[in-house]
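Each chain is listed here by its residues.
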Amino acid sequence: MSENHLPTAELQALDAAHHLHPFTDGDELNTKGARIITRAHGVYLTDSDGIEILDGMAGLWCVNIGYGREEMAEVAARQMRQLSFYNTFFQTSHPPAIHLAAKLAEIVPGDLNHVFFNGSGSDSNDTNLRMVRVYWALKGKPEKSVVISRWNGYHGSTMGAASLGGMKGMHKQGGLPIPGIAHINQPDWWSEGGDMTPEEFGLMRARELEEKILEIGEDKVAAFIAEPVQGAGGVIVPPDSYWPEIRRILDKYGILFIADEVICGFGRTGNWFGSQTFDLRPDIMTIAKGLSSGYLPIGGSMVSDEVARVVNSDEFAHGYTYSAHPVAAAVALENLRIMQDEKIVDTVRSDTGPYLKAKWEALAKHPMVGEAKIVGMMASIALTPDKASRAKFAAKEGTVGLICRERCFANNLVMRHVGDRMIISPPLVISRAEIDLLIERARKALDETYEKVQAQGMWEAAQA
Ligand SMILES: *Cc1c(COP(=O)(O)O)cnc(C)c1O
(Lines give C-alpha, C1' and ligand atoms only; values in the text may rest on other atoms or scores of the structure.)
Protein backbone atom coordinates (compact mmCIF):
# COMPACT_ATOMS: atom_id res chain seq x y z
CA MET A 1 0.00 0.00 0.00
CA SER A 2 1.37 3.39 -0.97
CA GLU A 3 -0.28 5.30 1.86
CA ASN A 4 2.21 6.66 4.30
CA HIS A 5 0.25 5.96 7.46
CA LEU A 6 -0.12 3.50 10.28
CA PRO A 7 -2.04 0.25 9.78
CA THR A 8 -5.82 0.66 10.12
CA ALA A 9 -6.04 -1.15 13.47
CA GLU A 10 -3.45 1.17 15.02
CA LEU A 11 -5.22 4.26 13.70
CA GLN A 12 -8.48 2.94 15.12
CA ALA A 13 -6.89 2.28 18.50
CA LEU A 14 -5.47 5.81 18.69
CA ASP A 15 -8.79 7.24 17.56
CA ALA A 16 -10.61 5.29 20.26
CA ALA A 17 -8.08 6.36 22.89
CA HIS A 18 -8.09 10.10 22.20
CA HIS A 19 -10.80 11.29 19.84
CA LEU A 20 -14.33 12.18 20.96
CA HIS A 21 -16.65 12.02 17.92
CA PRO A 22 -19.65 14.33 17.32
CA PHE A 23 -23.16 12.79 17.52
CA THR A 24 -21.65 9.41 18.38
CA ASP A 25 -22.00 6.84 21.14
CA GLY A 26 -18.28 6.72 21.88
CA ASP A 27 -18.15 3.35 23.64
CA GLU A 28 -20.10 1.69 20.87
CA LEU A 29 -17.88 3.15 18.15
CA ASN A 30 -14.67 2.37 20.00
CA THR A 31 -15.48 -1.31 20.36
CA LYS A 32 -15.87 -1.72 16.60
CA GLY A 33 -13.45 0.96 15.38
CA ALA A 34 -14.07 3.89 13.04
CA ARG A 35 -13.75 3.53 9.29
CA ILE A 36 -10.69 5.64 8.45
CA ILE A 37 -11.00 7.88 5.37
CA THR A 38 -7.64 8.85 3.95
CA ARG A 39 -8.33 10.61 0.67
CA ALA A 40 -11.08 11.69 -1.70
CA HIS A 41 -11.52 12.70 -5.29
CA GLY A 42 -14.63 13.75 -7.19
CA VAL A 43 -17.52 11.85 -5.59
CA TYR A 44 -15.35 9.06 -4.16
CA LEU A 45 -13.79 8.57 -0.74
CA THR A 46 -10.93 6.11 -0.19
CA ASP A 47 -10.49 4.36 3.13
CA SER A 48 -7.31 3.24 4.87
CA ASP A 49 -7.60 -0.20 3.26
CA GLY A 50 -7.72 1.35 -0.20
CA ILE A 51 -11.45 0.72 -0.74
CA GLU A 52 -13.38 3.31 -2.77
CA ILE A 53 -16.71 4.52 -1.43
CA LEU A 54 -19.30 6.55 -3.36
CA ASP A 55 -20.16 9.50 -1.13
CA GLY A 56 -23.90 9.97 -1.46
CA MET A 57 -23.85 12.66 1.25
CA ALA A 58 -21.19 15.06 -0.10
CA GLY A 59 -19.43 14.78 3.24
CA LEU A 60 -22.02 16.49 5.43
CA TRP A 61 -24.13 18.01 2.63
CA CYS A 62 -21.30 20.35 1.80
CA VAL A 63 -18.87 19.15 -0.89
CA ASN A 64 -20.91 20.58 -3.76
CA ILE A 65 -18.07 20.83 -6.31
CA GLY A 66 -16.64 17.41 -5.37
CA TYR A 67 -13.40 16.55 -3.62
CA GLY A 68 -9.82 17.31 -4.48
CA ARG A 69 -10.04 20.31 -6.83
CA GLU A 70 -6.52 21.52 -7.51
CA GLU A 71 -7.59 25.17 -7.98
CA MET A 72 -8.94 25.28 -4.43
CA ALA A 73 -5.62 24.12 -2.98
CA GLU A 74 -3.78 26.67 -5.15
CA VAL A 75 -5.94 29.56 -3.99
CA ALA A 76 -5.58 28.56 -0.34
CA ALA A 77 -1.80 28.33 -0.62
CA ARG A 78 -1.54 31.66 -2.44
CA GLN A 79 -3.77 33.42 0.10
CA MET A 80 -1.84 31.94 3.03
CA ARG A 81 1.37 33.31 1.62
CA GLN A 82 -0.08 36.75 0.98
CA LEU A 83 -2.28 37.35 4.03
CA SER A 84 -2.80 34.28 6.20
CA PHE A 85 -4.95 36.08 8.74
CA TYR A 86 -6.28 39.43 9.65
CA ASN A 87 -9.44 40.44 11.43
CA THR A 88 -12.17 42.84 10.37
CA PHE A 89 -13.08 44.10 13.87
CA PHE A 90 -11.16 47.34 14.20
CA GLN A 91 -11.96 49.39 11.11
CA THR A 92 -9.93 47.22 8.74
CA SER A 93 -10.96 44.97 5.88
CA HIS A 94 -9.17 42.82 3.28
CA PRO A 95 -9.70 41.88 -0.37
CA PRO A 96 -11.00 38.30 0.13
CA ALA A 97 -13.74 39.53 2.51
CA ILE A 98 -14.63 42.43 0.23
CA HIS A 99 -14.80 40.37 -2.96
CA LEU A 100 -16.71 37.53 -1.33
CA ALA A 101 -19.26 39.93 0.19
CA ALA A 102 -19.78 41.61 -3.18
CA LYS A 103 -20.07 38.26 -5.01
CA LEU A 104 -22.63 37.00 -2.50
CA ALA A 105 -24.69 40.18 -2.86
CA GLU A 106 -24.74 39.46 -6.61
CA ILE A 107 -25.90 35.83 -6.46
CA VAL A 108 -28.20 35.86 -3.41
CA PRO A 109 -31.78 36.79 -4.44
CA GLY A 110 -33.74 39.88 -3.48
CA ASP A 111 -32.12 42.71 -1.58
CA LEU A 112 -30.05 40.54 0.74
CA ASN A 113 -27.03 42.62 -0.16
CA HIS A 114 -25.07 42.48 3.10
CA VAL A 115 -23.21 39.70 4.86
CA PHE A 116 -21.96 39.15 8.39
CA PHE A 117 -19.29 36.43 8.21
CA ASN A 118 -19.15 33.58 10.71
CA GLY A 119 -17.15 30.41 11.12
CA SER A 120 -19.96 27.90 10.54
CA GLY A 121 -23.69 27.41 10.18
CA SER A 122 -24.20 27.20 13.94
CA ASP A 123 -22.27 30.41 14.50
CA SER A 124 -24.34 32.05 11.80
CA ASN A 125 -27.62 31.17 13.46
CA ASP A 126 -26.31 32.43 16.79
CA THR A 127 -25.51 35.68 14.98
CA ASN A 128 -29.03 35.72 13.53
CA LEU A 129 -30.65 35.15 16.91
CA ARG A 130 -28.85 38.12 18.42
CA MET A 131 -29.21 40.25 15.31
CA VAL A 132 -33.00 40.00 15.01
CA ARG A 133 -33.33 41.03 18.66
CA VAL A 134 -30.92 43.93 18.16
CA TYR A 135 -32.89 44.91 15.06
CA TRP A 136 -36.18 45.18 16.93
CA ALA A 137 -34.56 46.86 19.93
CA LEU A 138 -33.08 49.53 17.66
CA LYS A 139 -36.54 50.05 16.19
CA GLY A 140 -37.82 50.75 19.69
CA LYS A 141 -39.47 47.36 20.17
CA PRO A 142 -37.12 45.43 22.49
CA GLU A 143 -40.02 43.20 23.60
CA LYS A 144 -40.14 41.70 20.10
CA SER A 145 -37.63 38.97 20.97
CA VAL A 146 -39.18 35.51 20.60
CA VAL A 147 -38.05 33.43 17.65
CA ILE A 148 -40.41 30.76 16.35
CA SER A 149 -38.92 27.63 14.80
CA ARG A 150 -40.00 24.08 14.07
CA TRP A 151 -39.79 20.72 15.72
CA ASN A 152 -37.34 18.47 13.86
CA GLY A 153 -35.68 21.46 12.22
CA TYR A 154 -31.89 21.60 12.39
CA HIS A 155 -30.04 24.86 12.83
CA GLY A 156 -26.75 23.76 14.38
CA SER A 157 -25.21 22.60 17.61
CA THR A 158 -24.28 25.65 19.71
CA MET A 159 -26.57 26.64 22.60
CA GLY A 160 -28.43 29.16 20.47
CA ALA A 161 -28.55 27.17 17.25
CA ALA A 162 -29.53 23.90 18.93
CA SER A 163 -32.28 25.75 20.81
CA LEU A 164 -33.57 27.16 17.52
CA GLY A 165 -33.45 23.63 16.19
CA GLY A 166 -36.20 21.23 17.11
CA MET A 167 -34.24 18.05 17.74
CA LYS A 168 -35.71 16.70 20.96
CA GLY A 169 -32.74 14.38 21.52
CA MET A 170 -30.45 17.42 21.55
CA HIS A 171 -32.74 19.42 23.85
CA LYS A 172 -32.54 16.64 26.43
CA GLN A 173 -28.85 17.33 26.95
CA GLY A 174 -27.31 20.43 28.48
CA GLY A 175 -30.37 22.43 29.46
CA LEU A 176 -31.91 23.34 26.10
CA PRO A 177 -33.76 25.13 24.71
CA ILE A 178 -32.68 28.52 26.05
CA PRO A 179 -35.58 30.90 26.82
CA GLY A 180 -37.25 33.00 24.15
CA ILE A 181 -37.70 30.31 21.51
CA ALA A 182 -41.01 28.64 20.59
CA HIS A 183 -41.54 25.62 18.36
CA ILE A 184 -44.34 24.63 15.99
CA ASN A 185 -44.88 21.29 14.25
CA GLN A 186 -43.15 20.31 11.01
CA PRO A 187 -44.83 19.75 7.62
CA ASP A 188 -43.98 16.02 7.47
CA TRP A 189 -47.06 14.55 5.80
CA TRP A 190 -45.67 11.00 5.55
CA SER A 191 -45.33 10.48 9.30
CA GLU A 192 -47.79 12.98 10.74
CA GLY A 193 -50.41 13.65 8.05
CA GLY A 194 -52.94 11.04 9.18
CA ASP A 195 -56.00 10.93 6.91
CA MET A 196 -55.52 14.41 5.48
CA THR A 197 -54.39 15.07 1.94
CA PRO A 198 -50.88 16.49 1.75
CA GLU A 199 -52.34 19.88 0.73
CA GLU A 200 -54.78 20.03 3.67
CA PHE A 201 -52.02 18.98 6.01
CA GLY A 202 -49.56 21.55 4.63
CA LEU A 203 -52.09 24.33 5.23
CA MET A 204 -52.84 23.11 8.73
CA ARG A 205 -49.16 23.01 9.69
CA ALA A 206 -48.53 26.47 8.21
CA ARG A 207 -51.46 27.87 10.20
CA GLU A 208 -49.79 26.71 13.39
CA LEU A 209 -47.43 29.62 12.79
CA GLU A 210 -50.33 32.05 12.93
CA GLU A 211 -51.74 30.38 16.04
CA LYS A 212 -48.35 30.58 17.73
CA ILE A 213 -47.94 34.27 16.84
CA LEU A 214 -51.36 35.04 18.29
CA GLU A 215 -50.66 32.96 21.39
CA ILE A 216 -47.33 34.71 22.11
CA GLY A 217 -48.53 38.11 20.91
CA GLU A 218 -47.56 39.68 17.64
CA ASP A 219 -45.68 42.43 19.51
CA LYS A 220 -43.38 39.84 21.13
CA VAL A 221 -42.34 37.82 18.07
CA ALA A 222 -39.07 38.81 16.38
CA ALA A 223 -38.63 36.20 13.69
CA PHE A 224 -39.47 32.81 12.23
CA ILE A 225 -36.62 30.51 11.18
CA ALA A 226 -36.90 27.49 8.89
CA GLU A 227 -35.01 25.43 6.33
CA PRO A 228 -36.59 25.49 2.84
CA VAL A 229 -36.31 21.69 2.91
CA GLN A 230 -35.48 20.13 6.29
CA GLY A 231 -32.16 18.37 5.80
CA ALA A 232 -30.96 16.64 8.96
CA GLY A 233 -34.61 16.06 9.90
CA GLY A 234 -34.83 13.57 7.02
CA VAL A 235 -35.11 15.58 3.78
CA ILE A 236 -38.71 16.55 4.51
CA VAL A 237 -40.19 18.32 1.47
CA PRO A 238 -43.29 20.27 2.53
CA PRO A 239 -46.58 19.94 0.60
CA ASP A 240 -47.04 22.65 -2.07
CA SER A 241 -49.61 24.45 0.05
CA TYR A 242 -47.17 25.09 2.90
CA TRP A 243 -44.77 27.87 1.88
CA PRO A 244 -47.31 30.24 0.30
CA GLU A 245 -49.38 30.11 3.48
CA ILE A 246 -46.30 30.71 5.68
CA ARG A 247 -45.39 33.69 3.48
CA ARG A 248 -48.92 35.10 3.80
CA ILE A 249 -48.77 34.87 7.60
CA LEU A 250 -45.31 36.45 7.86
CA ASP A 251 -46.43 39.37 5.68
CA LYS A 252 -49.60 39.83 7.69
CA TYR A 253 -47.78 40.15 11.02
CA GLY A 254 -44.56 41.82 9.89
CA ILE A 255 -42.26 39.18 11.31
CA LEU A 256 -38.71 38.68 10.07
CA PHE A 257 -38.06 35.47 8.18
CA ILE A 258 -34.71 33.71 8.50
CA ALA A 259 -34.29 31.10 5.77
CA ASP A 260 -31.66 28.62 6.92
CA GLU A 261 -30.03 27.81 3.58
CA VAL A 262 -27.00 26.05 5.04
CA ILE A 263 -27.90 22.92 3.07
CA CYS A 264 -30.31 24.27 0.43
CA GLY A 265 -28.01 27.10 -0.64
CA PHE A 266 -25.47 26.92 -3.46
CA GLY A 267 -27.34 24.71 -5.88
CA ARG A 268 -28.63 21.89 -3.73
CA THR A 269 -32.28 22.33 -4.74
CA GLY A 270 -31.55 22.96 -8.43
CA ASN A 271 -31.46 26.75 -8.07
CA TRP A 272 -28.80 28.83 -6.39
CA PHE A 273 -30.97 29.03 -3.26
CA GLY A 274 -33.91 27.09 -1.87
CA SER A 275 -35.57 30.47 -1.35
CA GLN A 276 -35.82 30.71 -5.14
CA THR A 277 -37.12 27.16 -5.55
CA PHE A 278 -39.92 27.88 -3.06
CA ASP A 279 -40.31 31.67 -3.50
CA LEU A 280 -39.57 32.41 0.17
CA ARG A 281 -38.34 36.02 0.06
CA PRO A 282 -36.52 35.94 3.42
CA ASP A 283 -35.13 38.95 5.32
CA ILE A 284 -32.10 36.99 6.50
CA MET A 285 -30.44 33.93 5.06
CA THR A 286 -28.07 31.55 6.84
CA ILE A 287 -25.29 30.20 4.63
CA ALA A 288 -22.36 27.81 5.26
CA LYS A 289 -21.54 24.29 3.97
CA GLY A 290 -21.75 24.66 0.16
CA LEU A 291 -20.43 28.24 0.40
CA SER A 292 -16.91 26.77 0.42
CA SER A 293 -17.88 23.22 -0.61
CA GLY A 294 -16.43 22.29 2.77
CA TYR A 295 -12.84 22.98 1.74
CA LEU A 296 -12.53 25.36 4.70
CA PRO A 297 -15.00 26.32 7.43
CA ILE A 298 -16.95 29.52 6.73
CA GLY A 299 -20.53 30.71 7.20
CA GLY A 300 -22.51 33.89 6.83
CA SER A 301 -25.69 35.76 7.64
CA MET A 302 -27.01 37.49 4.53
CA VAL A 303 -29.33 40.34 5.44
CA SER A 304 -31.66 42.68 3.59
CA ASP A 305 -31.01 46.37 2.96
CA GLU A 306 -33.51 47.23 5.68
CA VAL A 307 -31.99 44.93 8.32
CA ALA A 308 -28.51 46.21 7.47
CA ARG A 309 -29.66 49.83 7.66
CA VAL A 310 -31.05 49.34 11.16
CA VAL A 311 -28.23 47.17 12.51
CA ASN A 312 -25.59 49.55 11.12
CA SER A 313 -27.05 52.42 13.15
CA ASP A 314 -25.32 51.23 16.33
CA GLU A 315 -22.42 48.99 17.34
CA PHE A 316 -23.43 45.33 17.05
CA ALA A 317 -21.28 43.91 19.87
CA HIS A 318 -20.75 40.56 18.21
CA GLY A 319 -18.14 38.77 16.11
CA TYR A 320 -15.81 35.81 15.88
CA THR A 321 -12.03 35.77 15.58
CA TYR A 322 -12.50 33.91 12.34
CA SER A 323 -15.30 36.08 10.90
CA ALA A 324 -14.24 36.65 7.27
CA HIS A 325 -11.06 34.59 7.65
CA PRO A 326 -9.09 35.59 4.55
CA VAL A 327 -8.08 32.08 3.50
CA ALA A 328 -11.59 30.70 3.98
CA ALA A 329 -13.04 33.69 2.12
CA ALA A 330 -10.62 33.27 -0.79
CA VAL A 331 -11.45 29.58 -0.99
CA ALA A 332 -15.21 30.30 -0.91
CA LEU A 333 -14.76 32.80 -3.71
CA GLU A 334 -12.91 30.23 -5.81
CA ASN A 335 -15.66 27.71 -5.08
CA LEU A 336 -18.26 30.18 -6.40
CA ARG A 337 -16.11 30.86 -9.47
CA ILE A 338 -15.97 27.14 -10.22
CA MET A 339 -19.72 26.77 -9.71
CA GLN A 340 -20.45 29.68 -12.06
CA ASP A 341 -17.84 28.91 -14.74
CA GLU A 342 -18.80 25.24 -14.90
CA LYS A 343 -22.56 25.99 -14.76
CA ILE A 344 -22.95 23.42 -11.99
CA VAL A 345 -26.36 24.70 -10.86
CA ASP A 346 -27.73 24.70 -14.43
CA THR A 347 -26.56 21.11 -14.90
CA VAL A 348 -28.30 20.02 -11.70
CA ARG A 349 -31.50 21.79 -12.68
CA SER A 350 -31.76 20.66 -16.29
CA ASP A 351 -29.73 17.47 -16.61
CA THR A 352 -28.39 15.42 -13.69
CA GLY A 353 -31.15 16.50 -11.27
CA PRO A 354 -34.01 15.23 -13.46
CA TYR A 355 -31.95 12.12 -14.29
CA LEU A 356 -31.53 11.32 -10.60
CA LYS A 357 -35.18 12.17 -9.90
CA ALA A 358 -36.52 9.57 -12.34
CA LYS A 359 -34.34 6.83 -10.86
CA TRP A 360 -34.89 7.89 -7.27
CA GLU A 361 -38.68 7.98 -7.60
CA ALA A 362 -38.60 4.50 -9.15
CA LEU A 363 -37.23 3.23 -5.81
CA ALA A 364 -40.75 3.69 -4.43
CA LYS A 365 -41.64 0.41 -6.21
CA HIS A 366 -39.34 -1.50 -3.88
CA PRO A 367 -41.38 -3.56 -1.38
CA MET A 368 -40.07 -1.68 1.66
CA VAL A 369 -40.06 1.87 0.28
CA GLY A 370 -43.15 4.00 0.93
CA GLU A 371 -42.56 7.46 -0.48
CA ALA A 372 -39.56 8.77 -2.42
CA LYS A 373 -38.99 12.53 -2.26
CA ILE A 374 -36.46 14.59 -4.14
CA VAL A 375 -35.70 18.26 -4.82
CA GLY A 376 -32.65 18.97 -6.94
CA MET A 377 -29.98 16.83 -5.35
CA MET A 378 -31.40 16.19 -1.92
CA ALA A 379 -33.60 13.14 -1.59
CA SER A 380 -35.17 10.73 0.84
CA ILE A 381 -37.10 7.47 0.97
CA ALA A 382 -39.34 6.30 3.79
CA LEU A 383 -38.94 2.64 4.80
CA THR A 384 -42.18 0.98 5.85
CA PRO A 385 -43.63 -2.50 6.39
CA ASP A 386 -46.98 -1.31 4.93
CA LYS A 387 -47.12 1.35 2.24
CA ALA A 388 -50.89 1.77 2.18
CA SER A 389 -51.16 2.79 5.84
CA ARG A 390 -47.72 4.48 5.92
CA ALA A 391 -47.01 2.31 8.97
CA LYS A 392 -43.91 2.49 11.10
CA PHE A 393 -42.03 -0.68 11.97
CA ALA A 394 -42.82 -2.33 15.29
CA ALA A 395 -39.09 -2.33 16.04
CA LYS A 396 -37.73 0.80 17.73
CA GLU A 397 -37.59 3.70 15.27
CA GLY A 398 -34.27 3.81 13.45
CA THR A 399 -33.50 0.10 13.84
CA VAL A 400 -34.34 -0.71 10.23
CA GLY A 401 -32.79 2.53 9.00
CA LEU A 402 -29.54 1.66 10.73
CA ILE A 403 -29.53 -1.81 9.14
CA CYS A 404 -30.01 -0.16 5.75
CA ARG A 405 -27.21 2.34 6.37
CA GLU A 406 -24.88 -0.50 7.29
CA ARG A 407 -25.83 -2.42 4.14
CA CYS A 408 -25.08 0.74 2.12
CA PHE A 409 -21.70 1.16 3.78
CA ALA A 410 -20.92 -2.52 3.17
CA ASN A 411 -21.71 -1.90 -0.51
CA ASN A 412 -19.41 1.13 -0.58
CA LEU A 413 -22.12 3.74 -0.64
CA VAL A 414 -22.58 6.48 1.95
CA MET A 415 -26.32 6.96 2.49
CA ARG A 416 -27.48 8.30 5.85
CA HIS A 417 -30.52 7.30 7.89
CA VAL A 418 -32.77 9.55 9.96
CA GLY A 419 -34.96 7.19 11.91
CA ASP A 420 -36.31 4.88 9.20
CA ARG A 421 -35.83 7.41 6.37
CA MET A 422 -32.82 7.05 4.10
CA ILE A 423 -31.36 10.23 2.68
CA ILE A 424 -28.85 11.32 0.08
CA SER A 425 -27.27 14.63 -0.87
CA PRO A 426 -24.46 13.79 -3.31
CA PRO A 427 -21.85 16.19 -4.66
CA LEU A 428 -23.56 18.36 -7.29
CA VAL A 429 -20.97 17.32 -9.86
CA ILE A 430 -22.08 13.68 -9.77
CA SER A 431 -22.29 12.36 -13.35
CA ARG A 432 -25.02 10.23 -14.92
CA ALA A 433 -22.79 7.15 -14.74
CA GLU A 434 -22.10 7.82 -11.06
CA ILE A 435 -25.84 8.28 -10.45
CA ASP A 436 -26.39 4.85 -12.04
CA LEU A 437 -23.85 3.36 -9.65
CA LEU A 438 -25.41 5.13 -6.66
CA ILE A 439 -28.84 3.75 -7.53
CA GLU A 440 -27.47 0.25 -8.18
CA ARG A 441 -25.78 0.16 -4.77
CA ALA A 442 -28.83 1.65 -3.05
CA ARG A 443 -31.05 -1.05 -4.59
CA LYS A 444 -28.67 -3.79 -3.51
CA ALA A 445 -28.58 -2.38 0.01
CA LEU A 446 -32.40 -2.17 0.08
CA ASP A 447 -32.69 -5.79 -1.06
CA GLU A 448 -30.25 -6.91 1.61
CA THR A 449 -32.04 -4.86 4.25
CA TYR A 450 -35.37 -6.36 3.21
CA GLU A 451 -33.96 -9.89 3.52
CA LYS A 452 -32.36 -9.17 6.86
CA VAL A 453 -35.48 -7.53 8.31
CA GLN A 454 -37.58 -10.53 7.24
CA ALA A 455 -35.02 -13.04 8.51
CA GLN A 456 -34.92 -11.32 11.90
CA GLY A 457 -38.71 -11.31 12.19
CA MET A 458 -38.93 -7.54 12.06
CA TRP A 459 -41.30 -7.29 9.09
CA GLU A 460 -44.05 -6.10 11.34
CA ALA A 461 -45.99 -2.85 11.60
CA ALA A 462 -46.28 -0.91 14.83
CA GLN A 463 -49.78 -0.58 16.28
CA ALA A 464 -51.16 2.74 15.07
C1 LIG B 1 -25.34 21.81 9.16
C2 LIG B 1 -26.41 22.80 9.40
C3 LIG B 1 -26.25 23.87 10.30
C4 LIG B 1 -25.04 23.98 11.18
O5 LIG B 1 -23.89 24.23 10.47
P6 LIG B 1 -22.46 23.88 11.14
O7 LIG B 1 -21.49 24.38 10.13
O8 LIG B 1 -22.43 22.40 11.37
O9 LIG B 1 -22.38 24.63 12.41
C10 LIG B 1 -27.24 24.81 10.39
N11 LIG B 1 -28.36 24.71 9.66
C12 LIG B 1 -28.56 23.71 8.81
C13 LIG B 1 -29.81 23.68 7.99
C14 LIG B 1 -27.61 22.70 8.66
O15 LIG B 1 -27.83 21.68 7.86
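What you see is a predicted model, and the numbers here were worked out from it, not measured in a lab. (Residues numbered from 1 in each chain as written. Predicted model: local features only at pLDDT ≥ 70, side-chain atom pairs only at ≥ 80, totals over all residues. Heavy atoms only, no water.)

With respect to topology, four strands assemble into an open sheet ordered β11-β12-β15-β14, the strand pairing being antiparallel. A strand with exactly one partner marks an edge of an open sheet, and here the two such strands are β11 (369–375) and β14 (416–418). Strand-to-strand twist across the sheet, computed as the mean angle between neighbouring axes with direction ignored, equals 25°. Sheet topology places β11 next to strand β12 (residues 378–383); five bridges connect them, and they run antiparallel. (Pairing = 2+ DSSP bridges. Helix = DSSP H or I, 4+ residues; strand = E, 2+ residues; numbered from the N terminus. Axes fitted to C-alpha atoms, helices over the stretch in contact; angles between N-to-C directions.)

To continue, consider the pattern of salt bridges. The final tally for this structure, using the stated rule, is 25 salt bridges. Residue Arg35 pairs with Asp47 through a salt bridge whose shortest N-O separation is 3.0 Å. Placement of Arg35 in the loop between α2 (26–32) and β1 (37–41) and of Asp47 in strand β2 (residues 44–47) is noted, with a sequence separation of 12 residues between them. By relative accessible area, Asp47 is classed as buried at 3%. The residue Glu192 makes a salt bridge to Arg205 at a minimum N-O spacing of 2.5 Å. (Salt bridge = Lys/Arg side-chain N within 4 Å of Asp/Glu carboxyl O. Buried < 20%, exposed > 50% of the residue type's maximum accessible area, 1.4 Å probe, protein only.)

In this section: the domain arrangement of the chain. Much of the literature gives interface size as the accessible area that the parts lose upon coming together. In terms of domain boundaries, the chain breaks down into domain 1 (35–65 + 343–455) and domain 2 (71–341). Here domain 1 and domain 2 have C-alpha centroids that lie 26 Å from each other. Counting residues at the interface gives 33 residues for domain 1 and 37 residues for domain 2. Carbon and sulfur atoms make up 63% of the area that domain 1 and domain 2 hide from each other, which totals about 2800 Å². In terms of surface lost to domain 2, no three residues of domain 1 exceed Ile65, Met378 and Arg390, which account for 27% of the buried area on that side. The tally of links between domain 1 and domain 2 comes to zero salt bridges. For the interface between domain 1 and domain 2, the tally reads 17 residue pairs in polar contact (both at pLDDT 80 or more). Put simply, the parts of the chain that give the side of domain 1 that touches domain 2 at least two residues each are α3 (58–61), α15 (344–362), β11, β12, β14 and β15 (421–424). Partitioned by chemical class, the residues of the side of domain 1 that touches domain 2 number 18 nonpolar, six polar and nine charged. (Domains from an automatic or database assignment. Contact = heavy atoms within 4.5 Å. Buried area = accessible area lost by both parts, 1.4 Å probe. Polar contact = N/O pair within 3.5 Å; in protein donor to acceptor, adjacent residues only side chain to side chain. Nonpolar A, V, L, I, M, F, W, Y, C, P; charged D, E, K, R; others polar.)

With that settled, consider the site of the ligand. Taken together, Ser120, Gly121, Ser122, Asn125, Tyr154, His155, Gly156, Glu227, Asp260, Val262, Ile263 and Lys289 form the complete shell of residues around the ligand. Here an oxygen atom of the ligand sits 2.5 Å away from a polar atom, N or O, in the side chain of Ser122. Alone, the ligand offers 380 Å² of accessible surface; in the complex the protein occludes 83% of this. With three residues, helix α6 (residues 121–138) is the single largest residue contributor to the shell around the ligand. Grouping the amino acids of the shell around the ligand by side-chain chemistry returns three nonpolar, six polar and three charged. (Near = heavy atom within 4 Å. Areas by Shrake-Rupley, 256 points an atom, 1.4 Å probe, with all protein chains shown as cover.)

Let us now look at the sheet that holds strand β8 (residues 256–260). Read from one edge to the other, the open sheet built from seven strands follows the order β4-β10-β9-β8-β7-β5-β6, with strand pairing classed as mixed. Edge strands, defined here as strands with exactly one partner in the open sheet, are β4 (114–118) and β6 (181–184). Here the average twist between neighbouring strands, direction ignored, is 20°. In this fold helix α10 (residues 198–216) packs onto β5 (146–150), β6 and β7 (221–226), with an angle of close to 145° to the strand it touches most, β6.

On to the packing of helix α5 (residues 95–107) against helix α14 (residues 326–341), then. Running from amino to carboxyl end, α5 crosses α14 at an angle of 35°, the nearest separation of the two axes being 8 Å. Note that α5 runs across α14; the crossing there is left-handed. The segment α5 lies against α14, with Pro96, Ala97, His99, Leu100, Lys103, Leu104, Glu106 and Ile107 engaging Pro326, Ala329, Ala330, Ala332, Leu333, Leu336 and Gln340. Along the lines of polarity and charge, the residues of the contact of α5 with α14 split into 11 nonpolar, two polar and two charged. (Left-handed = near helix turned anticlockwise from the far one by under 90°.)

A word on the pairing of strand β9 (residues 284–287). Of the two faces of β9, the one lined by Ile284 and Thr286 and the one lined by Met285 and Ile287 are each fully buried. By the bridge criterion, four bridges tie β9 to strand β10 (residues 299–303) in an arrangement that is antiparallel. Looking at β10, one finds that Thr286 is bridged to Ser301.

This brings us to unusual backbone geometry. Look at the link from Leu176 to Pro177: it is a cis peptide, with omega at -5°. Structurally, Pro177 is set in the loop between α8 (168–171) and β6. Of note in this structure, Ala58 is not a glycine but carries a positive phi near 50°. You can see Ala58 is positioned in helix α3.

Counting across every chain of the model gives zero disulfides. Cys264 provides the cysteine sulfur closest to Cys62, a residue in no disulfide bond, and the two sulfurs are 14 Å apart. Residue classification places Cys62 among the buried positions, given a relative accessible area of 14%. Cysteine Cys408 remains unbridged, with the sulfur of Cys404 as its closest cysteine sulfur at 4.4 Å. Relative accessible area serves as the criterion here: at 0%, Cys408 is assigned to the buried category. (Disulfide = S-S within 2.5 Å.)

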